[in-house]
There are 2 protein chains.
Amino acid sequence: MTIKEVAAAAEVSVGTVSNVLNRPNAVSDETRLKVLDAIDRLGFVRNAGASLLRGGRARTIGLITLDIRNPFFTELARSVEHTAREAGYLLVLCNSDENRTQEKRYLELLEEQRVNGVLISPVNERDNTLQWLRDRGTAVVLLGHDRRSFCSVRVDDVSGGELAADHLLDLGHRRLAFVTAPLTIAAYNSRLTGVRRALARRGLPDDACEVVEVGSLGTAAEGRVASDILVDDHPEVTAAVCGNDLLALGLIAGLLRHGIRVPGDISVVGYDDIELAEHSSLPLTTIRQPKQELGRVATNLLIEEGQRGAAHAHQQIVFQPEFVLRDTTAAGRRSAPRRRTEGR
Amino acid sequence: MTIKEVAAAAEVSVGTVSNVLNRPNAVSDETRLKVLDAIDRLGFVRNAGASLLRGGRARTIGLITLDIRNPFFTELARSVEHTAREAGYLLVLCNSDENRTQEKRYLELLEEQRVNGVLISPVNERDNTLQWLRDRGTAVVLLGHDRRSFCSVRVDDVSGGELAADHLLDLGHRRLAFVTAPLTIAAYNSRLTGVRRALARRGLPDDACEVVEVGSLGTAAEGRVASDILVDDHPEVTAAVCGNDLLALGLIAGLLRHGIRVPGDISVVGYDDIELAEHSSLPLTTIRQPKQELGRVATNLLIEEGQRGAAHAHQQIVFQPEFVLRDTTAAGRRSAPRRRTEGR
């Protein structure tokens with residue numbers, strides 16, 4: 001159904017229909033009702049294409065996450081969707097799967113669809129495509145990563161890692177492990193930096209913390225794999241900081257299977273504070289990221305940049321993480337290595 | 001940057017640029033390279049608006065879920081995104097929050113953006129908006145719900161409920177509970193129907209299963225609430241079927257806090273088979289839904305409907321759920337009611 005057909009049905013000119021849609025006050029009540037009635041009868045729906053060709057942008061926002069299945073990104077996406085909807089924007093969800101080519105391809109597709117702006121947790125932080133997008137008038141807000149002349153919203157992950165390690169060191173642990181997805185991902189790398197800072201402040205060397213790097217998704221299954229590595233290769237470790245809560249929950253499940261008690265033998269700290277951290281059988285001590293707040297602030301920043309253009313001042317917003325004490329950490333530690341005993 | 005500017009920069013006609021973009025074989029290699037070079041220099045990006053105004057549709061797919069934070073929908077969305085991307089489509093993610101007005105508004109917004117098709121887990125199954133969308137040429141595939149003259153993809157939830165209850169009845173349990181999000185949501189309702197069928201086949205009445213309906217999200221926190229209700233009001237119950245895995249994990253955590261052992265005192269069966277069902281400290285007996293497969297098949301069906309239009313034959317696809325035995329069910333049962341003992 002086109003604007004022409006609406007005009008014919010209402011027996012007015014195309015210009016009048018356009019006025020009704022765009023400048024309703026320029027039209028008499030009688031004419032407006034006649035046109036609106038024709039629109040109702042015909043099921044006319046405004047076509048976003050016209051606005052795009054006039055150089056406008058779609059009322060859509062692109063969100064590029066590393067993987068939506070990671071609960072951190074799920075909660076973030078939910079918050080972005082909610083905030084965008086309230087402002088009248090649709091959310092286009094993209095996963096880069098931590099793949100640079102896929103990330104770049106998505107940026108190009110989003111530009112082809114003339115999205116209003118892009119929220120991105122970047123894999124390739126130095127990619128020129130982001131600058132190219134901005135030059136073309138697309139708003140860009142970085143998630144989890146600062147870059148001069150861009151808006152960004154992130155959590156202070158160095159502090160987060162430090163909080164986790166400080167807690168364990170305060171309990172008397174001296175041989176730690178950091179269980180993590182690949183350190184090529186900036187957030188995990190920063191958390192490790194924080195752990196090492198806490199060690200350094202106490203005069204402990206970097207190798208007082210074993211780095212156990214597992215597959216790229218940071219899932220509970222990979223936490224299970226990490227439990228095998230700790231049991232087989234690192235009998236001296238008495239406490240683990242995990243890069244995220246899923247890794248922590250999987251690690252704990254794996255340790256229990258090996259007959260190692262948590263926190264009796266090994267203490268475990270997670271990262272994120274996902275819903276199941278609080279409500280699992282063994283509530284998880286963790287570092288809370290303000291996921292909802294982060295999504296809300298980032299989305300509002302993106303919309304503002306899209307609306308104000310050059311008048312907009314870029315902001316780098318950093319949230320502080322919060323330590324949450326629950327039941328998976330204690331002063332106790334395993335005295336001797338145990339191997340593959342069935343513990344249930 | 002417009003097609004005219006590309007033509008000027010390449011010193012060819014607008015028609016030639018259009019040919020390079022749309023019918024590359026109609027143009028000599030030399031001309032094509034000249035135009036592509038100009039495009040590169042100018043940073044020309046195809047504008048999807050033109051195609052929309054010619055009556056075309058955006059290469060986007062809308063997905064309306066009840067709530068993306070439910071891991072079933074998260075995994076489904078991941079699979080839809082993956083399948084759509086491979087076919088060159090973007091995914092617009094929408095949450096209805098189980099709200100009919102919000103669902104309808106999303107359908108209208110998606111149509112305004114001329115999405116190619118809509119995958120929807122409907123709140124309002126009889127809404128005329130879906131038929132209206134279809135009449136306008138938008139493909140529609142229903143998730144989790146059949147409707148004549150629409151394509152649909154769902155899991156047989158009645159069978160799923162039956163599988164769960166059969167397992168518990170086979171173990172000797174005779175007083176069950178069904179812990180669920182509101183039964184106004186079709187999937188949960190069907191699962192209860194399945195539980196009652198299993199009871200009926202053994203000559204047991206409906207009230208051999210207490211229905212414990214909690215808040216609308218079906219989260220672990222609500223599973224915790226259900227544990228309080230079971231402890232306070234239903235001391236006779238020895239086994240619970242939960243509407244989803246999050247409810248089950250939260251229920252188990254809550255029961256343990258009350259000093260009730262799982263499965264020693266109460267057996268628990270989940271539904272979905274999310275990643276943490278397998279990898280939590282107490283691996284969960286559950287009913288597996290083929291989430292990835294469901295997302296893939298639904299997306300392909302939607303794309304096919306969009307491409308073939310009237311030539312497309314509607315299909316109602318039903319997947320069978322699968323019973324997964326893990327560690328939260330046993331023949332044992334609590335002998336006497338226990339109240340609020342601290343069990344940790």
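Residues numbered from 1 in each chain as written. Chains lettered and ligands numbered in written order. Predicted model: local features only at pLDDT ≥ 70, side-chain atom pairs only at ≥ 80, totals over all residues. Heavy atoms only, no water.

I'd like to hear about the interface of chain B and chain A, residue by residue, with values.
How big an interface is tends to be reported as the loss of accessible area on association of its parts. At the interface, 57 residues of chain B touch 58 residues of chain A. Buried surface at the junction of chain B and chain A, summed over both partners, amounts to about 5200 Å²; 58% is from carbon and sulfur atoms. As a salt-bridge pair, A:Asp97 and B:Arg78 come within 2.7 Å of each other at their nearest N and O atoms. Those elements that place two or more of their residues in the side of chain B that touches chain A are helix H4 (48-53), helix H5 (71-86), strand E2 (90-95), helix H6 (100-112), helix H10 (220-233), helix H11 (245-257) and helix H12 (275-279) of chain B. Ranked by residues supplied to the side of chain B that touches chain A, first place goes to H11(B) with seven residues. When grouped by side-chain class, the residues that make up the side of chain B that touches chain A number 25 nonpolar, 14 polar and 18 charged. Here strand E2 (residues 90-95) of chain A runs beside E2(B); their pairing, made up of three bridges, is antiparallel. Residue pairing in the sheet places A:Leu93 in a bridge with B:Leu91 of E2(B). (Contact = heavy atoms within 4.5 Å. Buried area = accessible area lost by both parts, 1.4 Å probe. Salt bridge = Lys/Arg side-chain N within 4 Å of Asp/Glu carboxyl O. Helix = DSSP H or I, 4+ residues; strand = E, 2+ residues; numbered from the N terminus. Nonpolar A, V, L, I, M, F, W, Y, C, P; charged D, E, K, R; others polar. Pairing = 2+ DSSP bridges.)

Quick one: what's the story with the sheet that holds strand E9 (residues 267-269) of chain A, residue by residue and with numbers?
Residue and element names in this part refer to chain A. Sheet architecture is open: four strands sit in the order E7-E6-E8-E9, paired in parallel fashion. Two strands close off the open sheet at either side, each with one partner strand: strand E7 (209-213) and E9. Taking each pair of neighbouring strands and ignoring which way they run, the sheet shows an average axis angle of 20 degrees. This element, helix H9 (residues 186-201), spans strand E6 (176-180), E7 and strand E8 (239-242) of the sheet and lies at about 170 degrees to E6. The strands touched by helix H11 (residues 245-257) within the sheet are E6, E8 and E9, with E9 carrying the most contacts at an inclination of about 160 degrees. (Axes fitted to C-alpha atoms, helices over the stretch in contact; angles between N-to-C directions.)

Would you mind going over the relation of the copies chain B and chain A in detail, with residue names and values included?
In screw terms, the move from chain B to chain A is a rotation of 179 degrees and a rise of 0.1 Å along the axis, fitting with an RMSD of 0.4 Å. As the rotation angle and translation indicate, the two copies are arranged about a two-fold axis. (Least-squares fit on C-alpha atoms with pLDDT ≥ 70 in both.)

Describe the domain arrangement of chain A, naming the residues involved and giving the relevant values.
All names here are of chain A. Domain boundaries in chain A define domain 1 (3-46), domain 2 (60-155 + 290-320) and domain 3 (157-288). On a C-alpha basis, the centroid separation for the pair domain 2 and domain 3 is 29 Å. Taken together, the 13 residues of domain 2 in the interface contact 14 residues of domain 3. Surface buried jointly by domain 2 and domain 3 totals about 1000 Å² across both partners, of which 45% is contributed by carbon and sulfur atoms. (Domains from an automatic or database assignment.)

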